[in-house]
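Coordinates in review
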Amino acid sequence: MDAETGEITLPSSQDSNRAATNADALVISTDLDHPANRISELCRLFYTLGWVTGTGGGVSIRYGPHIYLAPSGVQKERMQPLDMFVMDYATRQYLRRPPVLKPSACTPLFLAAFTRRNAGCCIHTHSQWAVLVTLICGAGLQNPQKKGVFEIKEIEQIKGISRGGSGSDEIAEGGRKLGNLGFHDTMRIPIIDNTAHEEDLRETLEKAIEEWPETCAVLVKRHGVYVWGKDVAQAKTQAESLDYLFQLAVEMHKLGLKWVHE
Ligand SMILES: CSC[C@@H](O)[C@@H](O)C(=O)COP(=O)(O)O
Ligand SMILES: [Zn+2]
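Residues numbered from 1 in each chain as written. Chains lettered and ligands numbered in written order. Predicted model: local features only at pLDDT ≥ 70, side-chain atom pairs only at ≥ 80, totals over all residues. Heavy atoms only, no water.

For clarity, the cut-off: UniProt positions are given in the numbering used here, feature names are shortened, and annotations may be inferred rather than shown by experiment.
Per an unreviewed UniProt entry, the chain goes by the name Methylthioribulose-1-phosphate dehydratase and belongs to Salinomyces thailandicus. UniProt's Sequence similarities (unreviewed entry) comment on the chain is quoted here verbatim: "Belongs to the aldolase class II family. MtnB subfamily." Entered under Subcellular location (unreviewed entry) in the UniProt record, the comment concerning the chain runs "Cytoplasm".

This is the structure in structure tokens:
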């Protein structure tokens with residue numbers, strides 16, 4: 001606390017010390033599941049997986065009437081709750097903007113998942129497995145007829161993927177979620193071209209979301225993947241399942257194996 005002004009200063013990894021504001025209450029919570037805490041925690045975890053390396057990638061969470069967003073161009077694994085932007089979902093006005101920082105360039109893409117799929121969380125990774133899958137599929141190396149889609153079937157981990165990214169919670173006999181894909185289903189993830197600027201992906205990403213009603217993700221060629229879910233747990237586990245499948249697919253390709261057996 002400043003002895004003369006009585007102002008409280010708050011520590012932040014990206015921002016220099018500054019006076020606390022009312023809007024800071026939106027990001028200060030002892031609840032570990034609060035989105036400001038969860039985004040920081042997830043980005044630290046994702047960094048260890050190579051998903052948000054070198055400032056790339058990110059996470060956004062919809063929480064009641066608010067959207068929580070990370071800053072742009074920062075070391076994502078070092079973010080603190082006080083670095084978060086908070087947007088009012090209805091008006092798209094920022095309720096909290098940390099000084100100096102800019103909101104993530106992925107914001108329009110996260111919003112596309114929230115508005116078009118009613119997602120509660122959207123994760124963007126720069127995983128090398130995702131990028132390699134787009135290169136293999138983009139060159140038609142697995143199936144020359146299907147350059148715009150990654151499809152795979154008969155791998156157990158497919159059962160971790162919902163139909164449409166907001167799966168039902170009902171459980172079928174045997175423990176499988178009814179809203180999830182089955183072992184014999186074919187999982188299809190559309191692939192869109194990259195653009196020079198992240199925000200310019202919005203139009204094609206929205207088109208892919210509309211054209212592929214069953215997908216919970218969109219791959220971006222030579223860039224990475226956007227994955228969403230009805231809540232943080234579903235977005236996270238689907239991102240994990242997909243990354244597993246991308247890695248497996250790349251390794252299968254190296255062994256000369258086909259992902260889809262017609
Ligand atoms: C390594 S820079 C990557 C960015 O251009 C972008 O692709 C990205 O994923 C992160 O954007 P950001 O604005 O930092 O949240
Ligand atoms: Zn990116």
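Some points on the domain arrangement of the chain
How we decide: Throughout, the edges of the domains are those of an automatic or database domain assignment. Two residues qualify as a contact provided that any one of their heavy atoms is within 4.5 Å of a heavy atom in the partner residue. Buried area is a sum: the accessible area each of two parts loses on coming together, probed at 1.4 Å, counted once for each and added. Here a salt bridge means any side-chain nitrogen of Lys or Arg lying within 4 Å of a carboxyl oxygen belonging to Asp or Glu. We define a polar contact as two N or O atoms separated by no more than 3.5 Å, with the added condition that, inside protein, one atom must be a possible hydrogen donor and the other a possible acceptor, whereas residues neighbouring each other in sequence contribute only through side-chain atom pairs. Numbered from the N terminus, helices here are DSSP runs of H or I no shorter than four residues, and strands are runs of E no shorter than two. Lys, Arg, Asp and Glu make up the charged group, whereas Ala, Val, Leu, Ile, Met, Phe, Trp, Tyr, Cys and Pro make up the nonpolar group; the residues left over, Gly among them, are polar.
Each assigned domain of the chain is listed here: domain 1 (13-104) and domain 2 (125-262). Counting residues at the interface gives eight residues for domain 1 and eight residues for domain 2. In total, domain 1 and domain 2 occlude about 750 Å² of area from one another, counting both sides; carbon and sulfur atoms represent 74% of this. At the junction of domain 1 with domain 2, the criterion picks out zero salt bridges. Applying the counting criterion to the domain 1 and domain 2 interface returns two residue pairs in polar contact (both at pLDDT 80 or more). The biggest single contributor to the side of domain 1 that touches domain 2 is helix H1 (residues 35-48), with three residues. Looking at the side of domain 1 that touches domain 2 residue by residue, the class counts come to four nonpolar, three polar and one charged.

What about the packing of helix H3 (residues 128-138) against helix H5 (residues 232-254)?
To keep it simple, the criterion reads: Simply put, an axis is a line fit to the C-alpha atoms, just over the touching stretch for a helix, and the angle between two N-to-C directions goes from 0 to 180 degrees. What sets the label is the angle itself: under 35 degrees gives roughly parallel, over 145 gives roughly antiparallel, 65 to 115 gives roughly perpendicular, and the rest give oblique. When the near helix sits turned anticlockwise from the far one by under a right angle, the crossing is termed left-handed; a clockwise turn instead gives a right-handed crossing.
Between H3 and H5, whose axes approach to 8 Å, the crossing angle comes to 50 degrees. As summarised for this structure, H3 and H5 are arranged oblique, according to the angle between their axes. The interaxial crossing formed by H3 with H5 has left-handed handedness. Each of Trp129, Ala130, Leu132, Val133 and Ile136 in H3 lies in contact with H5, whose residues at this interface are Asp243, Phe246, Gln247, Ala249, Val250, Glu251 and His253. Each residue belonging to the contact of H3 with H5 can be placed in one class, and the counts come to eight nonpolar, two polar and two charged.

Structural notes on unusual backbone geometry
Applied cut-off: Only protein chains enter the calculation, and the probe is 1.4 Å; a residue is then buried if its accessible area is under 20% of its type maximum, exposed if over 50%, and partly exposed in between.
We note that Thr55 has phi near 75 degrees; this positive angle belongs to a residue other than glycine. Examined against the element boundaries, Thr55 turns out to sit in the loop between H1 and strand E3 (58-63). Here the phi dihedral of Glu154 falls at roughly 55 degrees; this positive angle occurs in a residue that is not glycine. Here Glu154 lies in the loop between strand E8 (149-153) and strand E9 (186-192). Residue class for Glu154 comes out partly exposed when judged on its relative accessible area of 28%.

Quick notes on the site of ligand 1
The cut-off we apply is this: Throughout, near means a residue has at least one heavy atom within 4 Å of the molecule or strand. Per-residue and other accessible areas were derived by the Shrake-Rupley procedure at a 1.4 Å probe size, with only the shown protein chains allowed to occlude residues.
Around ligand 1, a shell composed of 14 residues is seen, among which Ser72, Gly73, Ser104, Ala105 and Glu198 lie nearest. Contacts to ligand 1 include Gly57, whose backbone N or O atom sits 2.9 Å from an oxygen atom. Within the side chain of Glu198, one N or O atom sits 2.2 Å away from an oxygen atom of ligand 1. Burial of ligand 1 by the protein amounts to 73% of the accessible area it has alone, namely 410 Å². Here the shell around ligand 1 spans two domains, and each of domain 1 (13-104) and domain 2 (125-262) adds at least three residues to it.

Section: the side chain of Ser60
Position of Ser60 relative to the elements: it lies in strand E3. By relative accessible area, Ser60 is classed as buried at 0%. One polar contact links the side chain of Ser60 to the main-chain carbonyl oxygen of Tyr68, over a distance of 2.9 Å. Apart from the residues lying within four places of it in its own chain, the contact partners of Ser60 are Ile39, Ile67, Tyr68, Leu69, Phe110, Phe114, Gly120, Cys121 and Cys122.

Considering the UniProt feature "binding site: Zn(2+)" (unreviewed entry) in the chain
Here, UniProt's "binding site: Zn(2+)" (unreviewed entry) annotation points to His124, His126 and His223. A compact arrangement is adopted by the annotated residues: their sequence extent is 100 residues, whereas the largest C-alpha distance between any two is 10.0 Å. One can find His126 in the loop between strand E7 (121-125) and H3. Judged by relative accessible area, which is 25%, His126 ranks as partly exposed. The residue His223 is located in the loop between strand E10 (217-220) and strand E11 (224-229) in this model.

Concerning the sheet that holds E7
Note on sheets: strands pair through backbone hydrogen bonds, and any given pair is parallel or antiparallel. Rules: Any two strands are treated as partners once DSSP identifies two or more bridges connecting them.
Read from one edge to the other, the open sheet built from nine strands follows the order E6-E5-E4-E3-E7-E11-E10-E9-E8, with strand pairing classed as mixed. Bordering the open sheet on either side are strand E6 (94-96) and E8, each of which pairs with just one other strand. Neighbouring strand axes in the sheet, compared pairwise and without regard to direction, differ in orientation by 20 degrees on average. As paired elements, E8 and E9 share five bridges and run antiparallel to each other. When the bridges of E9 are listed, Ile152 appears paired with Met187. The sheet strands contacting H1 are E3, strand E4 (66-69) and E7, and the helix crosses E3 at an angle near 155 degrees. Contacts between H3 and the sheet are confined to E8, E9, E10 and E11, with E10 contributing the most and set at about 75 degrees to the helix.

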